[in-house]
Amino acid sequence: MKWFTNMRVATKLISAFIIVAIIGGAMGVFGIVNMNSVDEDYQNLYTNFGVSLGDLGSAGIDFNAMRVKLMQMVMLMDEQKTAELENEIRALDENVDAYLAAFGGTIQYDNARQAYETLLDTLEQYKVVRDQVVELVKAGRQEEATSLIMSETTKYANETNRQVQELFEMRKANGNANQKKLIEQTDSTAVLMVVIVIVMTILSMILGIIIARTISKPVNKLVAAANRIADGDLNVVIDIDSKDEIGNLADSFRKMSDNLNDAMENIQSAAEQVAAGAHQISELSASLSQGATEQASSVEQLSASIEEIAAQTQLN
């Protein structure tokens, strides 16, 4: 952490904002990716398990319409109508194949694939028998055609419908299972997002607290040192050794404290010297005062002697 402590304050703050922005951006990207994933999964559910059921249902409807037209062909016994019905049957046949091909492209489970292949085989067997019925009708052999419809054609047709219904129910079950799986995935994604938000928030708070402490703690020390200096206590110790702006300010405080201590020491030394000189002057003044007193006494004695001389002179 020494490298972080020595980092400049502006760099610390900018780095903190950048890190928080990166965290927020990462959270946003994660959310978008998960949303796209969920959207793709639901799109897949709609296309492969919703639309495909419509394709399978349309195939079943056209198949039964084909059966109806085959029965009409046998019953009408009209050559022109027979040709029209045959064309309609061929068109419905193409529709059924197209719907089943579209349905087959959406199969995702092995059991559905196996049932689908079985359905195609049964449908092919039905088509073979159906084509035989058409040829009998075109040949005017209505009784044989009717007999074939009632036996083989009906058997394969019923089996085809049963397999279509079975595949329909299987697709519904697989779709419900996939939907349940997507719901669980969505719930787990939501929980994961909440956890990530909480973790990122905690990390951002920890980062903010660390940066705030690296700035406020040395500043508080400098404030306390400044208050002690302002109160006249120059014996302060500033234990800040960082290389940022606050560390530079602490170095300036140390230099100021050292310079003030040196100045006070010089003032104290000068004051002591002045006090010593004043003491010497006081002693000299006392000595001079004593000498003046002694001189005054001598002058008084001399004056008395002169007066005595003057009186004796006057007497003489």
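Each chain carries its own residue numbering, running from 1 in the direction its sequence is written. pLDDT decides what is reported in this predicted model: residues at 70 or higher carry local features, side-chain atom pairs at 80 or more are listed and counted, and totals for whole chains, interfaces and linings draw on all residues regardless. With hydrogens and water stripped out, all remaining heavy atoms of the structure feed into the side-chain values.

A few words on the overall build of the protein chain. The number of helices and strands found in the protein chain is six helices and zero strands. In the protein chain, the succession of helices and strands from N to C terminus is α-α-α-α-α-α. When a residue's accessible area, from a 1.4 Å probe over protein chains only, is under 20% of the maximum for its type it is buried; when over 50% it is exposed; and in between it is partly exposed. For the protein chain, buried positions account for 27% of its 316 residues. Contacts are assigned to residue pairs with any non-hydrogen atoms lying within 4.5 Å of each other. A sequence separation of at least 24 residues applies to 77% of the contacts in the protein chain between residues at least 6 apart. Strands here are runs of E lasting at least two residues and helices are runs of H or I lasting at least four, both read from the DSSP assignment and numbered beginning at the N terminus.

This part covers helix 3 (residues 79–104). The span you would expect from a helix comes to 1.5 Å times its residue count less one. In this model, helix 3 (26 residues) spans 37 Å end to end at C-alpha, consistent with the 38 Å of a helix rising 1.5 Å per residue. Where helix 3 is concerned, the buried positions are Thr82, Leu85, Glu86, Ile89, Leu92, Asp93, Val96, Leu100, Phe103 and Gly104.

For the rest of this paragraph, the subject is the pattern of salt bridges. For this document, the term salt bridge refers to a Lys or Arg side-chain nitrogen within 4 Å of an Asp or Glu carboxyl oxygen. The tally for this structure, following the rule as stated, stands at 15 salt bridges. Measuring nitrogen to oxygen at the nearest pair gives 2.7 Å for the salt bridge that ties Lys69 to Glu88. Pair noted here: Lys69 is in helix 2 (residues 9–76) and Glu88 is in helix 3, with a separation of 19 residues, a long-range link. Given the relative accessible area of 32%, Glu88 is considered partly exposed.

The subject of this paragraph is the packing of helix 4 (residues 110–138) against helix 5 (residues 142–230). Put simply, helix 4 and helix 5 touch, their axes get as near as 9 Å, and they point 160 degrees apart. In terms of their interaxial angle, helix 4 and helix 5 are classed as roughly antiparallel. Helix 4 and helix 5 meet at a crossing whose hand is left-handed. Split by residue class, the contact of helix 4 with helix 5 holds 18 nonpolar, ten polar and three charged. A fitted line through C-alpha atoms represents every axis, and for helices the fit uses only the stretch in contact; the resulting angles, taken between N-to-C directions, go from 0 to 180 degrees. When describing relative orientation, an angle under 35 degrees is termed roughly parallel and one over 145 degrees roughly antiparallel, while 65 to 115 degrees is termed roughly perpendicular and anything else oblique. Helix crossings get a hand from a simple test, with the near helix turned counterclockwise from the far one by less than a right angle marking a left-handed crossing and a clockwise turn marking a right-handed one. We call Asp, Glu, Lys and Arg charged. Ala, Val, Leu, Ile, Met, Phe, Trp, Tyr, Cys and Pro are nonpolar, and the rest, Gly among them, are polar.

Patch criteria: residues need more than 30% relative accessible area and no salt bridge. Like-charged residues are merged within 9 Å; nonpolar side chains of Val, Leu, Ile, Met, Phe, Trp and Tyr are merged within 5 Å. Per-residue and other accessible areas were derived by the Shrake-Rupley procedure at a 1.4 Å probe size, with only the shown protein chains allowed to occlude residues. Judged by side-chain polarity, Val191, Val194, Val195, Ile198, Val199, Ile202, Leu203, Ile206 and Ile210 come together as a nonpolar surface patch covering roughly 730 Å² of accessible area. Here Val194 lies in helix 5. The exposure class of Val194 is partly exposed, given its relative accessible area of 48%.

As a further point, take helix 5. Its 89 residues place the ends of helix 5 124 Å apart at the C-alpha level, agreeing with the 132 Å of an ideal helix rising 1.5 Å per residue. We define the bend at each residue as the angle formed by axes fitted to the 7 residues ending at it and the 7 residues starting at it. Along helix 5, the helix axis deviates most sharply at Ile149, where the bend reaches about 40 degrees. Following helix 5 by one or two positions, Gly232 adopts a phi angle in the positive range, close to 95 degrees.

Another point: the packing of helix 3 against helix 4. For the pair helix 3 and helix 4, interaxial distance at closest approach is 12 Å and the crossing angle is 175 degrees. The pairing of helix 3 with helix 4 is recorded here as roughly antiparallel in orientation. Where helix 3 abuts helix 4, its residues Thr82, Glu86, Ile89, Arg90, Asp93, Val96, Asp97, Leu100, Ala101, Phe103 and Gly104 lie against Arg113, Tyr116, Leu119, Leu120, Leu123, Lys127, Arg130, Asp131, Val134, Val137 and Lys138. Partitioned by chemical class, the residues of the contact of helix 3 with helix 4 number eleven nonpolar, two polar and nine charged.

Before going further, it helps to spend a moment on the packing of aromatic side chains. Working definition: a ring pair exists when centres of Phe, Tyr or Trp rings (six-membered ring for Trp) sit within 6.5 Å. Plane angles under 30 degrees give stacked, over 60 give edge-to-face, the rest tilted. Inspection of every chain in the model, using the stated rule, returns two aromatic pairs. Taking 4.9 Å as the distance between ring centres and 65 degrees as the angle between the ring planes, the aromatic pair formed by Phe63 and Tyr126 counts as edge-to-face. Of this pair, Phe63 sits in helix 2 while Tyr126 sits in helix 4, and the two are 63 residues apart along the sequence. The buried category is assigned to Phe63, whose relative accessible area is 3%. With 6.1 Å between their ring centres and 40 degrees between their planes, Phe103 and Tyr116 make a pair best called tilted. With Phe103 in helix 3 and Tyr116 in helix 4, this pair connects stretches of sequence that are 13 residues apart. An identical accessibility class is assigned to Phe103 and Tyr116; each is buried. Think of it as a cone above the ring: NZ of Lys or CZ of Arg counts as a charge over the ring if it is within 6 Å of the ring centre and within 35 degrees of the ring normal. Sitting over the ring of Tyr156, Lys155 keeps its end group 4.8 Å from the ring centre.

This paragraph deals with the nonpolar core. Residues belong to a common nonpolar core when they are buried Ala, Val, Leu, Ile, Met, Phe, Trp, Tyr or Cys residues joined through side-chain atoms within 4.5 Å. Leu70, Val96, Leu100, Tyr126, Val133 and Leu167 are the most contacted members of the largest nonpolar core, which has 33 residues in total. Going through the elements one at a time, helix 2, helix 3, helix 4 and helix 5 are the ones with two or more residues in this core. It is helix 4 that contributes the most residues to this core, eleven residues altogether. Setting aside residues up to four positions removed in sequence, Val133 forms contacts with Leu70, Val74, Ala145, Leu148, Ile149 and Thr153.

So, on to the environment of Val129. Assignment of secondary structure puts Val129 in helix 4. As for Val129 and Ile149, which are separated by 20 residues in sequence, their C-alpha atoms are 8.2 Å apart. Sequence-distant contacts of Val129, defined by excluding residues within four places in its chain, comprise Leu148, Glu152, Thr153 and Tyr156.

Inspection of the secondary structure puts Asp62 in helix 2. Sequence-distant contacts of Asp62, defined by excluding residues within four places in its chain, comprise Leu92, Asn95, Val96 and Tyr99.

Turning next to the confidence of the model for the protein chain. Each residue gets a pLDDT score, which is the predictor's confidence in that residue and runs from 0 to 100. Averaged over every residue, the pLDDT of the protein chain is 78; residues scoring 70 or more account for 83%. When the elements of the protein chain are averaged for pLDDT, helix 1 (residues 2–5) gives the smallest value, 59, and helix 4 the largest, 88.

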